[in-house]
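# An overview of the molecular structure
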Amino acid sequence: MPELPEVETIRGNLEATILGRRFASVRLSGLKLRERVPATLPRRLKSRTVAALRRHGKYLFLDLDGGLTLLSHLGMSGRWLFFDDPPARAMEHVHLRARFDDETELWFHDPRRFGLLRLVETSKLSRDPALRVLGPDPIATPPTGSQLHAVACGARLPVKSFLLDQRRIAGIGNIYASEILHRAGVDPRRRAGAVPREAWDALARETTAVLNEAIARMGTTFSMYRTLWNEPGTYGDQLLVYDRGGEPCRRCGGAIRRIVQGQRSTFFCPRCQGGRGKRMERAS
DNA sequence: ATCCTATCCTGTAGGC
DNA sequence: TGCCTACAGGATAGGA
């Protein structure tokens, strides 16, 4: 579900809401997420104050006083929920239920359980196995065409799969990969190593533009994603190709195609993004 | 090393 | 209505 813009939206929501709040008690569902959440987590969180909310790619960091960080990933269906006035009973799939001193609550909800909750020493965060493999965050450090070109040098995988590879650039997921490729006019099937330098300039530019526009609209609500306050993101209104298979391209009117790459759907306009091995078509 | 496939889960939409 | 299948915003271990 959540890609960089959705996670950044949640990060900002949490920063506005739980910063400075102190954990009074925490309960776990006991169910396994991406990995087992240690049973010791509740007592380690107890009495800690939320000191900062940070993000890298799709990972969220809840920094606590005393040098601990709660590392979180939303997987496909994870959500953070905040309640000023919490219900007495949790709905199904609530895996962490934290109460603050002021009786407000923060819940982690995740039906598919691909999410991650892990407690890490803040000073060792960058060495955490999940994080040390991540590439640069495109909001913290906007990529340049020459940087991407260099990272893609020699890569034989399709450029769509390249954009999804969190080790090369962290935060792009399946929706925004298709959108970025469309706006840059690049055929998703081209091998990353064969994409010319000018196209990487366009991809770098559109990566920054698409992600920032999506953040401004609080992300894309495709099905389950909601902000911390249960509001849908509105970037879905702006989607040019994602989930629009068979519909007309908003730019040229041609039919949007759906293909499968690496067992994930890719949507693109063959006319606007054609030209395998040929020069980029310039917008007239 | 690099790339690809299968897998972990539940919920939902669509065909019959 | 129910049953069945396909698919869904992600990451990763393991094999080729």
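Just so we're clear, the structure is a prediction, and the values are computed from it rather than from any experiment.

## Side note on the sheet that holds strand 1 (residues 23-28)
Either a parallel or an antiparallel arrangement is found when strands of a sheet pair, and the pairing is made through backbone hydrogen bonds. Spatial strand order, 1-6-7-5: 4 strands in an open sheet with antiparallel pairing. Of all the strands in the sheet, the pair left with one neighbour each is strand 1 and strand 5 (79-83). With strand direction ignored, the average angle separating the axes of adjacent strands in the sheet is 15°. Across 5 bridges, strand 1 lies against strand 6 (residues 94-100) in antiparallel orientation. Directly across from L28, in strand 6, lies its bridge partner L96. Lying over the sheet, helix 1 (residues 4-18) contacts strand 5, strand 6 and strand 7 (105-109), oriented at roughly 25° with respect to strand 5.

## Some details on the environment of E6
Tracing the backbone shows E6 in helix 1. Among the residues examined, E6 registers a relative accessible area of 1% and is labelled buried. Along the chain, E6 and A214 lie 208 residues apart, while their C-alpha atoms are 8.1 Å from each other.

## With respect to the packing of helix 1 against helix 7 (residues 197-216)
Where helix 1 contacts helix 7, the two axes come as close as 9 Å, and the packing angle between them is 40°. For the element pair helix 1 / helix 7, the angle class is oblique. When you trace helix 1 past helix 7, the crossing you get is right-handed. On helix 7, the residues touching L4, P5, E8 and T9 of helix 1 are L211, A214 and I215. Per-class residue counts for the contact of helix 1 with helix 7 are 5 nonpolar, 1 polar and 1 charged.

## Things to note about the protein's contact with DNA strand C
Around DNA strand C there are 24 residues in total, and T220, S223, Y242, R264 and S265 lie nearest to it. Considering DNA strand C, the proportion of its atoms within 4 Å of the protein that are sugar or phosphate atoms stands at 55%. Within the side chain of R112, one N or O atom sits 3.1 Å away from a base nitrogen of DNA strand C. With respect to DNA strand C, the backbone of F222 contributes an N or O atom lying 2.8 Å from a base nitrogen. Within the residue set of the surface near DNA strand C, elements represented by two or more residues are helix 6 (174-184) and strand 10 (264-268). Counted by class, the surface near DNA strand C contains 9 nonpolar, 9 polar and 6 charged residues.

## Details of the nonpolar core
One finds Y176, W200 and L203 to be the most contacted residues of the largest nonpolar core, which totals 36 residues. Every element with two or more residues in this core is listed here: helix 5 (159-164), helix 6 and helix 7. Looking at which element gives the most residues to this core, the answer is helix 7, with 8 residues. Residues within four places of W200 in sequence aside, it is in contact with G145, L148, H149, A152, V159, F162, A192 and V195. Membership of the second largest hydrophobic core comes to 29 residues, among which are L45, L60, L96 and L106.

## Here we look at the confidence of the model for chain A
Scored by pLDDT, chain A comes out at a mean of 95, with 96% of its residues at no less than 70. In the model, residues 277-284 has pLDDT below 50 throughout and makes 7 contacts with residues more than four positions away in sequence or in other chains.

## Considering the environment of D165
Residue position: D165 is located in the loop between helix 5 and helix 6. Counting along the chain gives 156 residues from D165 to T9, while the straight-line C-alpha distance between them is 22 Å.

## A short note on the sheet that holds strand 2 (residues 50-56)
Pairing is antiparallel across the open sheet formed by 4 strands, whose spatial order is 2-3-4-8. Whereas interior strands pair on both sides, the edge strands pair on one side only; in this sheet they are strand 2 and strand 8 (116-121). Along the sheet, successive strands turn relative to each other by an average axial angle of 20°, direction set aside. With 6 bridges connecting them, strand 4 (residues 68-73) and strand 8 associate as antiparallel partners. Across the sheet, residue T69 finds its bridge partner in strand 8, namely V120. Helix 1 rests against strand 2 and strand 3 (59-64) of the sheet, and its axis sits at about 170° to strand 2.

So, how was this worked out
- Residues numbered from 1 in each chain as written.
- Chains lettered and ligands numbered in written order.
- Predicted model: local features only at pLDDT ≥ 70, side-chain atom pairs only at ≥ 80, totals over all residues.
- Heavy atoms only, no water.
- Pairing = 2+ DSSP bridges.
- Helix = DSSP H or I, 4+ residues; strand = E, 2+ residues; numbered from the N terminus.
- Axes fitted to C-alpha atoms, helices over the stretch in contact; angles between N-to-C directions.
- Contact = heavy atoms within 4.5 Å.
- Buried < 20%, exposed > 50% of the residue type's maximum accessible area, 1.4 Å probe, protein only.
- Parallel < 35°, antiparallel > 145°, perpendicular 65-115°, else oblique.
- Left-handed = near helix turned anticlockwise from the far one by under 90°.
- Nonpolar A, V, L, I, M, F, W, Y, C, P; charged D, E, K, R; others polar.
- Near = heavy atom within 4 Å.
- Polar contact = N/O pair within 3.5 Å; in protein donor to acceptor, adjacent residues only side chain to side chain.
- Core = buried A, V, L, I, M, F, W, Y, C linked by side-chain atoms within 4.5 Å.
- pLDDT = per-residue confidence, 0-100.

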